[in-house]
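What the coordinates show
Chain residues, written in single-letter form:
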Amino acid sequence: KFSPVEITRQYLDRANEYSHLNAFITITEEIALQQAKIAEKRWMLGEAGRLEGIPVSYKDNIHTKGVPTTSGAIIDREFVPNKNAKLVENLNREGAVMIGKANMHEFAFGITNNNPFYGPSRNPWNLELISGGSSGGGAVSVAADLVSASIGTDTGGSVRIPASCCGLFGLKPTHGL
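This section reports on the structure supplied with the text. Given the structure is predicted, the values throughout are model-derived calculations rather than measurements. (Residues numbered from 1 in each chain as written. Predicted model: local features only at pLDDT ≥ 70, side-chain atom pairs only at ≥ 80, totals over all residues. Heavy atoms only, no water.)

**A word on the pattern of salt bridges**
Inspection of the entire model under this criterion finds six salt bridges. Across the pair E29 and R9 runs a salt bridge, and its minimum N-O distance is 2.8 Å. Pair noted here: E29 is in helix α2 (residues 29-44) and R9 is in helix α1 (residues 4-17), with a separation of 20 residues, a long-range link. What makes E29 partly exposed here is its relative accessible area of 31%. We classify R9 as partly exposed; its relative accessible area is 28%. Of the charged contacts, one joins D154 and R160 as a salt bridge, the two residues approaching to 2.8 Å between their closest N and O atoms. Classification of R160 as partly exposed rests on a relative accessible area of 38%. (Salt bridge = Lys/Arg side-chain N within 4 Å of Asp/Glu carboxyl O. Helix = DSSP H or I, 4+ residues; strand = E, 2+ residues; numbered from the N terminus. Buried < 20%, exposed > 50% of the residue type's maximum accessible area, 1.4 Å probe, protein only.)

**Points about the side chain of N22**
In this fold, N22 is placed in the loop between α1 and β1 (24-27). With a relative accessible area of 19%, N22 lands in the buried category. Here the side chain of N22 touches G119 through a polar contact of 3.2 Å, landing on its backbone oxygen. A polar side-chain atom of N22 sits 3.1 Å from the main-chain carbonyl oxygen of P120. (Polar contact = N/O pair within 3.5 Å; in protein donor to acceptor, adjacent residues only side chain to side chain.)

**A look at unusual backbone geometry**
Between G133 and the following residue, S134, the backbone shows a cis peptide bond with an omega angle of 15 degrees. Counting through the fold element by element, S134 comes out in the loop between β3 (97-102) and α4 (136-143). Phi is positive for F107, close to 55 degrees, though the residue is something other than glycine. Mapped onto the fold, F107 is located in the loop between β3 and α4. Relative accessible area serves as the criterion here: at 45%, F107 is assigned to the partly exposed category. Its identity as a non-glycine residue notwithstanding, N113 has a phi of 65 degrees, on the positive side. Take N113: it is sitting in the loop between β3 and α4. For N113, a relative accessible area of 0% puts it in the buried group.

**Re the sheet that holds strand β4 (residues 149-151)**
With mixed pairing, four strands are arranged side by side in an open sheet as β1-β3-β2-β4. Unpaired on one side and paired on the other, β1 and β4 mark the two borders of the sheet. Shown here is a sheet whose adjacent strand axes are inclined to one another by a mean of 30 degrees, direction ignored. Across three bridges, strand β2 (residues 55-59) lies against β4 in parallel orientation. Bridging across to β4, V56 finds its partner in A149. (Pairing = 2+ DSSP bridges. Axes fitted to C-alpha atoms, helices over the stretch in contact; angles between N-to-C directions.)

**Details of the state of the cysteines**
Within the structure shown, the criterion is met by zero disulfides. No disulfide involves C165; its nearest neighbouring cysteine sulfur is the one of C166, lying 6.3 Å away. Owing to a relative accessible area of 33%, C165 belongs among the partly exposed residues under this scheme. (Disulfide = S-S within 2.5 Å.)

Written out as structure tokens, the structure reads:
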């Protein structure tokens, strides 16, 4: 009923409208619209992937080709990977649309997501509360309906803590699955 381009545009508009939540270090508008146009063509050809046109965010320590990957650190602000992480390749193949790179605790080392360089991601339910970390920007982006899903990393609770703080569920999958 809706075009992936229309849906992507609405999510990008929301991401910009709610920029005060600081969910993203980088919004990838041009890439998102390009991916949405491809998704629309694939739908029309009957070749849609399992995630075709679904807006997502990636924690900013996940490599995305041609897009800065800061790991939430000022020292990496100009690091631009020359290839995607395997996870990003898999989601791209299935048609996911990258809205942006989610804010995170510096080097994924903390539970508040109060980033000294990019600012804290704000809990969308109460701006006075933390979003949790280290994948706080991803949780904020989902809870505020800026994306449909977010991919984070979780060693000691970095997805599950922000999910809990933002009223969501977070999954730490078994290694290898």
